[in-house]
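As a plain string of letters, each chain reads:
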Amino acid sequence: MPLKRMMIMSIKFIKTTNLSREEWLQLRTKGIGGSDVSSILGHNQWRSPFQVWAEKTGRIEPGGSDNEFIHWGNIMEPIIANEFQNQTGKKVFRPNKEFIHRDYDFLRANIDRDIEKEPGFLEIKTATEYKSSEWVDDEVPAPYLFQVQHYMNVLERPYVYFAYLIGGHHFEYKRIDRDDELINAFTPKLVDWWQTYVVADKQPPVDGTQSTTDTLKQLYGDDTGETVALPGSFNSLLEKRQTLKNYSKELSSETAEIDNKIRQFIGNNSEATNDYYTITYRTSKKGNRTLRIKENN
């Protein structure tokens, strides 16, 4: 048996075939999965490191599993997998396993499909039409790139195929090779983050993302009616906050003034354009006119 195949078979794993939803959610708290990587590294606009911490420590339930986009993605997954088989001749199958890193048992991987008789595997994605530019040439969206490089690290694999459907009608697939330089750069950060914040049960720094705001609202949903002393260290933060609010009001007013000058110029026309900008001011089906400004490339 080839050495590479022996290494793949020796990877530790947990069978996930018959897990209930509750058991699956509990398993997700035991380590860092592929969808967590970009969030922890600060490359995911929808999910912050603080939210990941709250989920992994059991303070809130993992989010995103019930939204409509994921629901339809799950429905389309076997269809896209079958199309990949038809176009490539490669046979794929569900591994139904959570794979575990050889050295760090909290680094985990749940791949969509394995491929028979070769060391690669398959990840399946759906994307809306306006996201199509993120998939050009050899590019994939950053969160997915971190996800599969993490998977290749955990499973000790050399490449992955992406099969993806854009806008519900445009199917493509592409191969992404293992990038050891990238893996070696982010893996120590994941290890340090897990040990510093999850193992030590210490809150990571907060940021200004909506994800962190929503997580804090979940954590502190009720007030006690009590008063706490505010440290003097908050004074500079509050002064900065007030300055930013005042500045924001000024910017908002100036922006609105510019927009109104554009509206006045366009009048009842639908569009204005020059070598640098294209401005549309069209009426929607609901009867509202929307101003959109685009730089010409």
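Topic: helix H7 (residues 180-199)
In step 1: When the terminal C-alpha atoms of H7 are compared, their 27 Å separation across 20 residues agrees well with the 28 Å that a helix rising 1.5 Å per residue should span.
In step 2: At its buried positions, H7 is contacted by helix H3 (34-40), helix H4 (49-56) and helix H6 (142-155).
In step 3: Capping of H7 at its N-terminal end is provided by Asp179; its side-chain oxygen lies 3.2 Å from the backbone amide nitrogen of Glu181.
In step 4: Asp201, located one to two residues past H7, shows a positive phi value of around 55°.

Examining the environment of Asn153
In step 1: Relative to the helices and strands, Asn153 resides in helix H6.
In step 2: With 51 residues separating them along the chain, Asn153 and Arg102 place their C-alpha atoms 9.5 Å apart.
In step 3: In this structure, Asn153 is in contact with His101, Arg178, Ile183 and Thr187, ignoring residues within four places of it in sequence.
In step 4: A distance of 3.3 Å separates the side chain of Asn153 from the side chain of Thr187, its partner in a polar contact.

Digging into the sheet that holds strand S6 (residues 121-127)
To summarise the sheet geometry, strands pair through backbone hydrogen bonds and adopt either a parallel or an antiparallel arrangement.
In step 1: Here we have 5 strands laid out as an open sheet, ordered S2-S5-S6-S7-S8, and mixed in their pairing. In the strand order of this sheet, the two ends are held by strand S2 (92-93) and strand S8 (170-177), each with one partner.
In step 2: Relative to strand S7 (residues 159-166), S6 runs parallel, the two sharing 7 bridges. Across the sheet, residue Ile124 finds its bridge partner in S7, namely Ala163.
In step 3: Strands S6, S7 and S8 of the sheet are contacted by H6, whose axis makes an angle of about 165° with S6.

So, the pattern of salt bridges
When the charged atoms of two side chains lie near each other, side chains of opposite charge can form a pair.
In step 1: Summed over the entire model, instances satisfying the criterion amount to 15 salt bridges.
In step 2: Lys56 is paired through a salt bridge with Asp36; the nearest N and O atoms lie 2.7 Å apart. One end of the pair, Lys56, is in helix H4; the other, Asp36, is in helix H3, with 20 residues separating them in the sequence.
In step 3: When the shortest N-O distance is used, the salt bridge between Arg282 and Glu271 registers 2.8 Å. Of this pair, Arg282 sits in strand S10 (residues 277-283) while Glu271 sits in strand S9 (residues 271-273), placing them 11 residues apart in sequence.

Digging into the environment of Thr255
In step 1: By the secondary structure assignment, Thr255 is in helix H9 (residues 234-266).
In step 2: Residue Thr255 is classed as partly exposed on the basis of its relative accessible area, which comes to 44%.
In step 3: Linking Thr255 and Ala54, residues 201 residues apart in sequence, is a C-alpha distance of 37 Å.

Description of the packing of H4 against helix H8 (residues 210-219)
In step 1: Interhelical geometry of H4 versus H8 gives an angle of 35° and a closest axis separation of 8 Å. Where H4 abuts H8, its residues Phe50, Gln51, Trp53 and Ala54 lie against Ser211, Thr212, Thr215, Leu216 and Leu219.
In step 2: The residue makeup of the contact of H4 with H8, split by class, is 5 nonpolar, 4 polar and no charged.

As for the sheet that holds strand S3 (residues 97-100)
In step 1: The strand order across the open sheet formed by 3 strands is S1-S3-S4, and the pairing between neighbours is antiparallel. The sheet terminates laterally at strand S1 (12-15) and strand S4 (108-109), the two strands that pair on one side only.
In step 2: As judged from the 4 bridges shared by S1 and S3, these two strands associate in the antiparallel manner. Among the inter-strand pairings, Lys15 is bridged to a residue of S3, identified as Lys97.

Quick word on the packing of H4 against H7
In step 1: The N-to-C vectors of H4 and H7 enclose an angle of 60°; their axes lie 10 Å apart at closest approach. Between H4 and H7, the angle falls in the class oblique. Judged by the sense of rotation from one axis to the other, the crossing of H4 with H7 is right-handed. Contacts from Pro49, Val52, Trp53 and Lys56 of H4 reach H7 at Trp193, Trp194, Tyr197 and Val198.

Some details on unusual backbone geometry
In step 1: Positioned with a positive phi, Asn96 is a non-glycine residue whose angle comes to about 50°.
In step 2: Here Asn96 is to be found in the loop between S2 and S3.
In step 3: If you check the backbone angles, Glu156 has positive phi at about 60° while not being a glycine.
In step 4: In this fold, Glu156 is placed in the loop between H6 and S7.

About the cut-offs
Each chain carries its own residue numbering, running from 1 in the written order of its sequence. The predicted nature of this model means local features are confined to residues of pLDDT at least 70 and side-chain atom pairs, given and counted, to a pLDDT of 80 or more, with totals for whole chains, interfaces and linings taken over all residues. In computing side-chain properties, one takes all heavy atoms of the structure into account and sets aside hydrogens as well as water. Here a strand is any run of E in DSSP of at least two residues, a helix any run of H or I of at least four, and the numbering for each starts at the N terminus. The span expected for a helix works out to 1.5 Å for each residue beyond the first. Two residues qualify as a contact provided that any one of their heavy atoms is within 4.5 Å of a heavy atom in the partner residue. Within 3.5 Å is the distance limit for a polar contact, defined as a pair of N or O atoms, with the added protein rule that one can donate a hydrogen and the other accept it, and that residues adjacent in sequence qualify only through two side-chain atoms. Whether two strands pair comes down to DSSP finding at least two bridges between them. Interaxial angle, 0 to 180 degrees, is taken between N-to-C directions of lines fitted to C-alpha atoms, where a helix line uses only the stretch in contact. Salt-bridge detection follows one rule: a side-chain nitrogen of Lys or Arg within 4 Å of a carboxyl oxygen of Asp or Glu. Per-residue accessibility, obtained with a 1.4 Å probe over protein chains only, is compared with the maximum for each type, and a residue is labelled buried under 20%, exposed over 50%, and partly exposed between these values. The residue classification treats Ala, Val, Leu, Ile, Met, Phe, Trp, Tyr, Cys and Pro as nonpolar and Asp, Glu, Lys and Arg as charged. All others, Gly included, are polar. What sets the label is the angle itself: under 35 degrees gives roughly parallel, over 145 gives roughly antiparallel, 65 to 115 gives roughly perpendicular, and the rest give oblique. Left-handed describes a crossing whose near helix is turned anticlockwise from the far helix through less than a right angle; right-handed describes the clockwise counterpart.

Function cannot be read off these values alone, since they describe shape.
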